[in-house]
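Take a look at the letters that make up each chain.
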Amino acid sequence: MNIFYFGYDLFAPCLKELVSNPEIKVLKVYSFKGDGYFDKNDEIRKICAVKNIPFTEEKITKDELLFQFSQNECDLAFCAGYAFRI
């Protein structure tokens, strides 16, 4: 299963679980610029670096989401505390 992950460090255990499953491929991780205190993304950045998963803090647009689903054959968008409406 191919997925896009939307979230930040509070729910990093979710991302860890996903990347540890050999049947799941995380295509890209979308996060946001947090306040550095409550809203951080340091841990998910590290996970992405280790697993070679693209990471961005840019807000996804509707057109980009539709494009990514069509180009990457994505099966699921997994949201774990994303700051923007998807």
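Above this text is the structure in question.
Parameters and conventions
Residues numbered from 1 in each chain as written. Predicted model: local features only at pLDDT ≥ 70, side-chain atom pairs only at ≥ 80, totals over all residues. Heavy atoms only, no water. Axes fitted to C-alpha atoms, helices over the stretch in contact; angles between N-to-C directions. Helix = DSSP H or I, 4+ residues; strand = E, 2+ residues; numbered from the N terminus. Parallel < 35°, antiparallel > 145°, perpendicular 65-115°, else oblique. Left-handed = near helix turned anticlockwise from the far one by under 90°. Contact = heavy atoms within 4.5 Å. Disulfide = S-S within 2.5 Å. Buried < 20%, exposed > 50% of the residue type's maximum accessible area, 1.4 Å probe, protein only.

*Asks:* Any chance you could explain the packing of helix α1 (residues 12-20) against helix α2 (residues 42-51) here in plain terms?
*Replies:* Each pair of packed helices gets described by two things: the angle between the helix axes and the distance between those axes. In the contact formed by α1 and α2, the axes pass within 9 Å of each other and the chain directions differ by 15°. On the basis of their axis angle, the class for α1 and α2 is roughly parallel. Taken as a pair, α1 and α2 cross one another with a handedness that is left-handed. When α1 is examined against α2, the residues Ala-12, Leu-15, Lys-16 and Val-19 are found in contact with a partner set consisting of Glu-43, Ile-44, Ile-47 and Lys-51.

*Asks:* Just checking my understanding: could you explain the state of the cysteines for this structure?
*Replies:* Put plainly, two cysteines are in a disulfide when a covalent bond ties their sulfur atoms together. Tallying each qualifying case throughout the model produces zero disulfides. Note on Cys-74: no disulfide assigned, nearest cysteine sulfur contributed by Cys-79 at a separation of 13 Å. Free cysteine Cys-79: the closest other cysteine sulfur is in Cys-14, separated by 10 Å. We classify Cys-79 as partly exposed; its relative accessible area is 46%.

Scope: geometric values only; no functional claims are made or implied.
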